[in-house]
Amino acid sequence: MDPVVVLALVAVIVVVFLVASTVRIVPQARRYNVERFGRYRRTLQPGLNLVVPVADRINTKLDVREQVYSSDPRPVITEDNLVVNIDTVLYYQITDPRAAAYEVADYLQAIDQLTVTTLRNVIGSMDLEETLTSREEINSRLRAVLDDATGKWGIRVNRVEIKAIDPPHTIKEAMEKQMRAERDKRAAILHAEGERQAKILTAEGTKQKDILEAQGAQQAMILRADGEAKAVELVFQAVHRNNADPKVLAYKYLETLPHLASSDNNTFWVIPGELTEAVRTVTRAFGDESAAAPHPSAQPGEAAGAGDTSEEGRTPELAAGWTAASDAAAAADEAGKQAAAAVSDAKAEAEAAKSPQTPRRGAAGGG
């Protein structure tokens, strides 16, 4: 083979190698740290970059996008001496590629260990209940410590989240029992509140019902009393307007006596004490009538003499007065017998109504 051709081929290969070693294309969101003879030279930005062949070399390639790092569960002791396993999620971003490459050997391991130690410091000052309910506080304290420590490493911690807090199994069972007891307590309280409200509403309804019924009864009694008062007033006015004499009143009183025993449930009858007064009234009434009319057994002269004295507005003669008195007594006896007969008839009718087989007095008398 011709040496010239061989030299030409070697020259072309050398040129291609030099060109390939000189040109560096950096993708977007990437940063390349360049060293010249083992010393940091510069950081290549995205795009086309030129370096010195053989002298310059790329040491580290870093991704400047936000990264997510999830740590493994780590045991942490709380203030009340309980061991809980906590795993965290870390969101970070490289802001200085040179510091991230040269200030720390392995920034991910450094961040992980720093997170564990910070968690132990934070959780060690809290009990289990506070640990489970204070995630936001733990996150903010973790982020403050990590951001301050990783700043010199060229890393910014954007967010730290506790992914899970895993207490021991026995503690889980106790927490479940406590939660179940709390729920049962709330259910019992709600049930009791419901029954209380129901009883209150029922009592209010009963109260309103009783009030309305009492008001209705009161109004009915008032109206009934007003009606009875008006009826009595009308009767009183009618009696006084018609100027009823004692004879009519006594007759109506005696006429009412048989109604005392008209009820089927009466087992005894009470005769009012005013019966004698009513009989006396009837007696006086009939006595006045007998005194006003001449007696058939009197002599004609005596009758004429009585007529003469009556025209002058004076009282009858003594003999006529004695006859009128005897007639009045007979009328009183007759009225008393009629009243007793009326009461006996009423009793017989009441007993006959109770016992259909017993014949009535009137029917027996008629037979």
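Look a little higher up for the structure.
A few points about the sheet that holds strand β2 (residues 30–36)
Right, so step 1: Reading across from one edge, β3-β2-β5 is the order of the three strands in this open sheet, with antiparallel pairing throughout. Unpaired on one side and paired on the other, β3 (39–44) and β5 (56–63) mark the two borders of the sheet. Ignoring strand direction, the axes of neighbouring strands in this sheet form an average angle of 25 degrees.
Right, so step 2: Note that β2 and β3 share five bridges and pair antiparallel. Across the sheet, arginine 36 pairs through a bridge with arginine 39, a residue of β3.

Section: the nonpolar core
Right, so step 1: The biggest cluster of nonpolar side chains holds 28 residues, and the ones touching the most others in it are Ile86, Leu90, Ile138 and Ile155.
Right, so step 2: Mapped by element, the contributors of at least two residues to this core are β8 (83–94), α3 (107–123), α5 (135–150) and β9 (155–166).
Right, so step 3: Among the elements that line this core, the one with the most residues is α3, at seven residues.
Right, so step 4: Residues in contact with isoleucine 138, not counting those within four places in the same chain, are Leu119, Val122, Ile123, Met126, Thr131 and Ile162.

Some thoughts on the environment of valine 145
Right, so step 1: Note on placement: valine 145 falls in helix α5.
Right, so step 2: Residue classification places valine 145 among the partly exposed residues on the basis of a relative accessible area of 36%.
Right, so step 3: Valine 145 sits twelve residues away from valine 157 along the chain, and the two C-alpha atoms are 9.7 Å apart.

Brief notes about the pattern of salt bridges
Right, so step 1: Applying the stated criterion to the full structure yields ten salt bridges.
Right, so step 2: The closest approach of N and O atoms between aspartate 63 and arginine 30, which form a salt bridge, is 3.5 Å. Of this pair, aspartate 63 sits in strand β5 while arginine 30 sits in strand β2, placing them 33 residues apart in sequence.
Right, so step 3: In this structure arginine 30 comes out as partly exposed when scored by relative accessible area, which is 27%.
Right, so step 4: For aspartate 112, the salt bridge goes to arginine 74, with nearest N and O atoms at 2.7 Å. Here the residue aspartate 112 occupies a position in helix α3, and arginine 74 occupies one in strand β7 (residues 74–77), the gap between them amounting to 38 residues.
Right, so step 5: By relative accessible area, aspartate 112 is classed as buried at 8%.
Right, so step 6: One salt-bridge network, in which partners are shared between bridges, spans Arg30, Asp63 and Arg65.

Thresholds, definitions, all that
- Residues numbered from 1 in each chain as written.
- Predicted model: local features only at pLDDT ≥ 70, side-chain atom pairs only at ≥ 80, totals over all residues.
- Heavy atoms only, no water.
- Pairing = 2+ DSSP bridges.
- Helix = DSSP H or I, 4+ residues; strand = E, 2+ residues; numbered from the N terminus.
- Axes fitted to C-alpha atoms, helices over the stretch in contact; angles between N-to-C directions.
- Core = buried A, V, L, I, M, F, W, Y, C linked by side-chain atoms within 4.5 Å.
- Buried < 20%, exposed > 50% of the residue type's maximum accessible area, 1.4 Å probe, protein only.
- Contact = heavy atoms within 4.5 Å.
- Salt bridge = Lys/Arg side-chain N within 4 Å of Asp/Glu carboxyl O.

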